[in-house]
Amino acid sequence: MTGDEERPEDSGLQTESLESFPSQSAVRSPQSSPFLSPDLASRRLHPAWIAIGLVRSLRAFALPLLIFVVTGRQNWDAGVLLIGAGIGLVGVAARTASWWVFRYEVAGGELRVRSGLIARQERTVPLERVQTVDTGESPLQRVLGVVQVRIETAAGGGRGSDVTLEALTRDDAAALRQRLAVGPAGRSPGGLEATVQGANERSATDAAVRPLPETQGELIRAITPGALFVAGATSGRIGPAMAILFGAYQFVDDLVPESILERLAMSAPGFGLRVVLVVAGIVGVGSWLLAVVSTVLTFGGFALRREGDRLLIASGLLDRRRSTIPISRIQAITISEGMLRQPFGLAALRIESAGYATDSAESGVLFPLLRRSEIPALLAAACPDFAADAAVDGAGLNRLPVRARRRYLLADVWQLLILAVVAVAVLVRTGWLDWRWGLLPLALAPLAAMYGWVAFRDAGWIVDPAERLIVRTRQVARQTAILPRRRLQRRDVSQNPLQRRAALATLRVAVASGGSGGRVELAHLDEEVAGRLQAGLGPRRAVPARDQSRSAVSPATSAAGGP
Amino acid sequence: MFARRPRLAARPAPPHHLDPRAKTLWRLNALMEFAVLLAFAAVAAWGMYRLDLGWGWSVIPVAGALLIGTITVGPVPGLRWSRWRYEIGEQEVDLQHGLLTVTRTLIPMTRIQHVDTRRSPLQRRYGLSSVILYTAAGAIEVPALADDIAGSVRDRIAELANTRDDLL
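Residues numbered from 1 in each chain as written. Chains lettered and ligands numbered in written order. Predicted model: local features only at pLDDT ≥ 70, side-chain atom pairs only at ≥ 80, totals over all residues. Heavy atoms only, no water.

(A) The arrangement of the overall build of chain A in detail. Check the secondary structure of chain A and you find 18 helices and 21 strands. Put simply, chain A has 563 residues, and 46% of those count as buried. Counting contacts in chain A only where the partners sit at least 6 residues apart, residues at least 24 apart contribute 61% of the total. Total accessible area computed for chain A in this model is approximately 28,000 Å², and 65% of it derives from carbon and sulfur atoms. (Helix = DSSP H or I, 4+ residues; strand = E, 2+ residues; numbered from the N terminus. Buried < 20%, exposed > 50% of the residue type's maximum accessible area, 1.4 Å probe, protein only. Contact = heavy atoms within 4.5 Å. Areas by Shrake-Rupley, 256 points an atom, 1.4 Å probe, with all protein chains shown as cover.)

Next up, the structure:
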């Protein structure tokens with residue numbers, strides 16, 4: 001263990017790094033102005049935090065309150081008002097008290113957050129563990145003149161993997177970001193020497209006027225209005241949009257008196273199929289428009305910048321969000337070609353960084369839409385470690401053995417078959433409908449088989465000369481993951497009895513990730529190839545002699561391992 | 001099909017087995033689950049009987065529960081035990097596990113963030129511990145090692161893993 005028994009989730013902290021911090025600050029302080037000392041004195045959030053919380057609870061109560069006001073008109077008296085006002089006052093007082101006790105500071109190489117009215121809580125995040133720092137502002141926060149800072153750590157996406165400071169002034173936020181930025185330099189490969197140098201450079205830039213994050217650094221690429229529209233039109237985010245539309249419909253249905261709807265229906269001649277078609281058309285187009293709008297709002301003003309060893313990503317029209325990602329902490333890059341985008345040579349780039357939970361559409365997007373041919377240049381500028389041409393053209397990929405094709409083809413067909421059997425059995429037994437209706441799922445079988453065939457054709461892998469594992473699979477969208485060998489956290493090879501019979505196996509690798517995005521699975525490799533890949537992608541230094549044969553997945557041998 | 005050694009054993013499987021008492025432990029766990037399952041099946045059977053579907057229908061859930069129980073209490077623990085292998089190498093932790101689907105897992109030492117040992121009340125009764133390895137991509141459990149072996153495995157991993165991690 002690393003000598004940290006009380007907080008097991010943080011005990012990955014290396015003791016040596018703890019010791020390095022005081023010395024580092026000692027080295028830094030002479031060059032830094034007092035304002036830029038590495039520590040940040042304990043302070044509270046902006047009082048706007050109180051208002052933000054109150055507005056949020058008001059929003060949650062708005063609908064019940066509205067219903068209460070509308071339906072309960074008759075017994076609307078002073079007593080009820082008094083109780084309501086009392087509850088409100090208690091809420092304001094509690095929120096204010098919470099604000100009073102909430103404090104944060106940066107000291108001793110750690111970010112400390114104290115909170116809790118009754119049960120006092122103290123979170124300590126070693127700066128070394130800070131993965132990404134996001135700044136965001138919702139419209140409300142913008143009105144109140146504050147920003148939100150979210151600090152994500154590598155705790156694996158579980159509880160307490162991030163700290164959110166909901167209301168900071170811009171200056172406080174900038175000051176905090178400055179202190180948190182110590183982390184990546186501290187871990188640079190050159191050790192303390194590099195740290196000192198990095199600190200010097202940083203304090204040099206600190207001395208200059210600190211620009212706002214959105215104009216900092218060198219612009220790599222910003223999204224154009226045209227690309228933004230295309231991104232929305234091809235986003236395929238129709239499902240959620242449809243759900244919203246149906247919700248809206250339900251709402252209208254509840255509010256508008258039945259008689260009006262009935263009269264509408266009666267007045268329309270040929271009520272029936274035509275109406276259904278029109279409604280379906282409206283829902284379809286409406287969903288699509290909604291998808292375009294939501295994409296424009298999410299990715300409007302998207303800009304990718306690089307400042308030294310960090311990437312700065314700005315995004316969003318209403319909810320503005322700015323992320324800082326140390327380049328050295330990027331775990332994997334995925335090129336995602338949606339079904340509507342691939343035919344036009346368009347793709348999105350996703351980034352896997354240890355801190356990110358995949359909780360929102362924009363988190364982990366390196367760039368929302370660009371031409372495939374533009375990817376190498378962007379990667380070379382943003383994160384050269386991931387600039388793998390093989391991942392873009394896919395020409396050199398090793399394909400799966402032909403005997404895997406049947407499994408890909410039938411993977412979904414089996415499920416349809418089982419569904420059909422069950423449906424037929426139920427219909428025969430109950431006689432609700434003619435049993436032949438139970439065969440309906442089989443109508444989808446050709447489609448499923450075609451998808452399987454495409455998935456087989458797309459699947460492939462290669463270990464390129466820079467020791468990056470590149471895996472291409474299709475999960476509706478064609479996904480090409482670029483995974484440096486030294487980023488792999490674990491490698492699994494599994495084989496079920498049927499695969500064993502066909503000498504096939506499934507390879508899974510995982511990189512550090514806040515969400516589920518860090519896992520990549522390639523099904524039905526040749527078992528020997530899978531085993532060799534698994535063994536060969538391990539740590540390389542000081543390999544014992546008996547393991548020499550295992551660790552020999554050089555590009556040459558891995559290419560020979562293809563079918 | 002069960003008897004055949006997994007073909008991945010073209011590479012030798014990791015050498016160490018779990019503690020043999022694991023089989024008893026798993027069997028006890030399976031027995032408890034079996035009891036719960038049987039209770040549910042009995043309720044279902046009674047419900048079907050009350051619905052006048054004919055007593056033939058009532059047999060199905062009970063027979064199903066008995067079949068599942070027999071398999072999970074009978075051959076499964078032994079098979080699972082024989083599949084579970086581990087090795088704590090200098091460079092990597094090497095695991096093999098799985099009943100029908102056999103999975104081989106390799107985790108580099110430098111990726112292990114920390115190690116826990118854990119004991120459930122039942123494990124304590126048998127003097128067994130689980131070792132849990134945490135990486136930045138999730139945790140994996142090596143179940144049912146003898147207490148002293150679990151402790152030494154934990155210490156060995158902690159010692160070997162205590163090198164600078166290039167993740168951060």
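Having seen the structure, we can now continue with the description.
(B) Broad picture of the overall build of chain B. Scanning chain B from N- to C-terminus turns up five helices and seven strands. The helix and strand sequence of chain B, counted from the amino end, reads β-α-α-α-β-β-β-β-α-β-β-α. On chain B, roughly 8,600 Å² of surface is accessible, and the fraction owed to carbon and sulfur atoms is 64%.

(C) The nonpolar core, seen in detail. Residues and elements named next belong to chain A. Judged by nonpolar contacts, the single largest core of 37 residues is most densely connected at I330, I333, L349, L366, C383 and I482. If you list the elements that add at least two residues to this core, you get helix 8 (225-233), strand 10 (310-315), strand 12 (330-337), strand 13 (346-353), strand 14 (365-371), helix 12 (375-382) and helix 13 (389-393). Element by element, the count of residues in this core is highest for strand 14, at five residues. Both domains that furnish three or more residues to this core are identified here as domain 2 (227-299) and domain 3 (304-399 + 459-560). (Core = buried A, V, L, I, M, F, W, Y, C linked by side-chain atoms within 4.5 Å. Domains from an automatic or database assignment.)

(D) Broad picture of the pairing of strand 3 (residues 92-97) of chain B. Residues and elements named next belong to chain B. With five of six residues buried, strand 3 is to be regarded as a mostly interior element. Looking at chain direction, strand 2 (residues 85-88) and strand 3 are connected through four bridges and run antiparallel. Residue pairing for strand 3: E87 is matched across the bridge by D94. Linking strand 2 to strand 3, which pair antiparallel, is a turn of three residues. The pairing of strand 3 with strand 4 (residues 102-108) spans six bridges and is antiparallel. Considered in strand 4, the bridge of L95 is made with T105. Between strand 3 and strand 4, which pair antiparallel one after the other, the connecting turn spans four residues, and G98 there sits at a positive phi close to 120 degrees. (Pairing = 2+ DSSP bridges.)

(E) Here's a closer look at a nonpolar patch on the surface. A surface patch of nonpolar side chains, amounting to about 630 Å² of accessible area, comprises L410, W414, L417, V428, W435, L439 and L442 of chain A. Positionally, L442 of chain A belongs in the loop between helix 14 (405-430) and helix 15 (445-458). (Patch = residues over 30% accessible without salt bridge, like charges linked within 9 Å, V, L, I, M, F, W, Y side chains within 5 Å. Salt bridge = Lys/Arg side-chain N within 4 Å of Asp/Glu carboxyl O.)

(F) Main features of the packing of aromatic side chains. Per the counting criterion, the structure on display carries six aromatic pairs over all chains. When the centroid spacing of 6.4 Å and the interplanar angle of 90 degrees are considered together, the rings of F229 of chain A and W288 of chain A count as edge-to-face. Here the residue F229 of chain A occupies a position in helix 8, and W288 of chain A occupies one in helix 11 (residues 273-299), the gap between them amounting to 59 residues. Overall, the relative accessible area of 31% leaves W288 of chain A in the partly exposed class. The ring of W26 of chain B has R80 of chain B lying over it, and the distance from NZ or CZ to the ring centre is 5.6 Å. For R125 of chain B, the ring lying beneath its charged end belongs to Y126 of chain B, and the centroid distance is 5.6 Å. (Phe/Tyr/Trp six-rings, centres within 6.5 Å; stacked < 30°, edge-to-face > 60°. Lys NZ or Arg CZ within 6 Å of the ring centre and 35° of its normal.)

(G) Region of the structure containing the pairing of strand 10 of chain A. Residues and elements named next belong to chain A. Counting buried positions along strand 10 yields six of six residues, so the element is predominantly enclosed. Both faces of strand 10 are covered, namely the face carrying R310, L312 and A314 and the face carrying L311, I313 and S315. Pairing of strand 9 (residues 303-307) with strand 10 involves five bridges; the strand directions are antiparallel. Paired with E307 across the bridge in strand 10 is R310. Adjacent in sequence and paired antiparallel, strand 9 and strand 10 are bridged by two residues, among which G308 carries a positive phi angle near 60 degrees. In this structure, strand 10 lies alongside strand 11 (residues 320-326), joined through six bridges in antiparallel fashion. Residue pairing in the sheet places I313 in a bridge with S323 of strand 11. As consecutive antiparallel partners, strand 10 and strand 11 are separated by four residues, and within that stretch G316 has a phi angle of approximately 105 degrees, a positive value.

These figures come from the coordinates and say nothing about function on their own.
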